[in-house]
Amino acid sequence: MRRALSSSTSCGHVQRAITEFAVLIDNYGKYLHPDHPKALAARRDLVDWLIRARELPVAHQVLRSLLADQVRALGPDHPATAHTRQIVELFEKRP
């Protein structure tokens, strides 16, 4: 589902992608669990779209929340957690 959504929204429809990922994340939370790996990965994908939309403060906020949830759900040494941590650090180093 995430891959299909990313493909169908990659043609310049950034705001549509943000809206659709928000709906997808909500559905994952309802039908799987908010900490399910698919839900966490969809939140990471949402960050990509927020960055494309130049909504950097929102992207940073989502990343920080995602990192806390990944540490709790996946553990601090999980590759997805480490990747998110690196991106958060990059955000916090920018002027």
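Computed from a predicted structure; not experimentally measured.

Glancing now at helix H3 (residues 37–52). Relative to the 22 Å expected for 16 residues at 1.5 Å per residue, H3 spans 23 Å between its end C-alpha atoms, a close match to the ideal helical length. Inspection of H3 places Ala-39, Leu-40, Ala-42, Arg-43, Arg-44, Asp-45, Leu-46, Val-47, Trp-49 and Leu-50 among the buried residues, and these make up the whole buried set. At the exit of H3 stands Arg-54, carrying a positive phi of roughly 65°.

All right, on to the side chain of Asp-35 then. The residue Asp-35 is located in the loop between helix H2 (14–31) and H3 in this model. Among the polar contacts listed, one links the side chain of Asp-35 to the side chain of Arg-72, at a separation of 2.4 Å. Excluding residues within four positions of it along the chain, Asp-35 makes contact with Leu-40, Asp-69, Arg-72 and Ala-73.

With that out of the way, let us pick up the environment of Leu-74. Tracing the chain through its elements places Leu-74 in the loop between helix H4 (56–73) and helix H5 (79–93). In the structure, Leu-74 is positioned 34 residues away from Leu-40 in sequence and 9.7 Å away in space, judged by C-alpha atoms. Beyond its immediate chain neighbours, meaning those up to four positions away, Leu-74 contacts Leu-40, Asp-69, Ala-80 and Thr-81.

Conventions and cut-offs
Residues numbered from 1 in each chain as written. Predicted model: local features only at pLDDT ≥ 70, side-chain atom pairs only at ≥ 80, totals over all residues. Heavy atoms only, no water. Helix = DSSP H or I, 4+ residues; strand = E, 2+ residues; numbered from the N terminus. Expected span 1.5 Å × (residues − 1). Buried < 20%, exposed > 50% of the residue type's maximum accessible area, 1.4 Å probe, protein only. Polar contact = N/O pair within 3.5 Å; in protein donor to acceptor, adjacent residues only side chain to side chain. Contact = heavy atoms within 4.5 Å.

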